[in-house]
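This is what each chain is made of:
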Amino acid sequence: MTSTNPPAADPAPRPKRRTFSPEYKLRIVAEYDAAPEGEKGAVLRRERLYHSHVTEWRAARDAGALESLVDRRTSPVRPKKSAAEVENEKLRRQVERLEKELARNKAAVEVLGKGAPRTREAAMGS
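Everything quoted here is computed from the prediction, not taken from an experiment.

Asker: I would appreciate a short explanation of the overall build of the protein chain in the present structure.
Answerer: If you tally the helices and strands in the protein chain, you get five helices and zero strands. Beginning at the N terminus, the succession of helices and strands in the protein chain can be written as α-α-α-α-α. Counting across all 126 residues of the protein chain, residues that qualify as buried make up 14%. For the protein chain, contacts bridging at least 24 residues in sequence account for 58% of all contacts bridging at least 6. Surface accessibility of the protein chain: about 11300 Å² in total, with carbon and sulfur atoms responsible for 56%.

Following this line, the structure appears as structure tokens:
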């Protein structure tokens, strides 16, 4: 026998993934590196980070890839395309689709034998 009562709503809100700015990442890496040996863990606990965060951010910093420190999947700042660029991309996709459709239709007409151009003489039976 099934219950007709709706399932109870989850009382806790769904947790949101934290995002870190490049400036924050660089500041934490510098602070972690400057901390004495016994206090590095305190920096991580205070910021609620893992050692792997610092390792990854340090590698990116050392590679000179400040831009790669921004996670593009979760970054709130994404470059906006202008309306003209959006329209151009839409029209390019439409042209590609129509060209493929035209090629497919031409191939179908040729298979049916109706694609060969007829000359006036051939049409008159000479």
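Asker: What's the story with helix α3 (residues 51–62) in this structure? I'm lost.
Answerer: Working note: α-helix, 3.6 residues per turn, so residues spaced by three or four point in the same direction. A rise of 1.5 Å per residue sets the reference length of α3, with its 12 residues, at 16 Å; its end C-alpha atoms lie 16 Å apart and thus fit the reference within 8%. If you check which residues of α3 are buried, you get Val54, Trp57 and Ala60. Along α3, the residues classed as buried sweep out an arc of 130° about the axis, all on the same side. Within α3, the exposed residues directed more than 90 degrees away from the buried face are Glu56 and Asp62.

Asker: Just checking my understanding: could you explain the packing of helix α1 (residues 22–34) against helix α2 (residues 40–47) for this structure?
Answerer: The geometry of a pair of packed helices is captured by two quantities: the angle between their axes and the separation between those axes. Two numbers describe how α1 lies on α2: the axes approach to 8 Å, and their chain directions differ by 150°. The angle between α1 and α2 falls in the class roughly antiparallel. Where α1 approaches α2, its residues Tyr24, Ile28, Glu31, Tyr32 and Asp33 are matched on the opposing element by Lys40, Val43, Leu44, Arg46 and Glu47. Its residues assigned to classes, the contact of α1 with α2 shows five nonpolar, no polar and five charged.

Asker: Help me understand the pattern of salt bridges in this model?
Answerer: Proximity of charged atoms lets side chains of opposite charge pair with each other. All chains considered together, the criterion is met by seven salt bridges. Among the ionic pairs, glutamate 31 bridges to arginine 27, the shortest N-O distance being 3.7 Å. One end of the pair, glutamate 31, and the other, arginine 27, are both in helix α1, four residues apart, so they sit about a helical turn from each other. Of the residues examined, arginine 27 reaches a relative accessible area of 44% and is grouped as partly exposed. What emerges from the salt-bridge pattern is a single network uniting Arg27, Glu31, Arg46 and Glu47.

About the thresholds
- Residues numbered from 1 in each chain as written.
- Predicted model: local features only at pLDDT ≥ 70, side-chain atom pairs only at ≥ 80, totals over all residues.
- Heavy atoms only, no water.
- Helix = DSSP H or I, 4+ residues; strand = E, 2+ residues; numbered from the N terminus.
- Buried < 20%, exposed > 50% of the residue type's maximum accessible area, 1.4 Å probe, protein only.
- Contact = heavy atoms within 4.5 Å.
- Areas by Shrake-Rupley, 256 points an atom, 1.4 Å probe, with all protein chains shown as cover.
- Expected span 1.5 Å × (residues − 1).
- Arc of directions from axis to C-beta.
- Axes fitted to C-alpha atoms, helices over the stretch in contact; angles between N-to-C directions.
- Parallel < 35°, antiparallel > 145°, perpendicular 65-115°, else oblique.
- Nonpolar A, V, L, I, M, F, W, Y, C, P; charged D, E, K, R; others polar.
- Salt bridge = Lys/Arg side-chain N within 4 Å of Asp/Glu carboxyl O.

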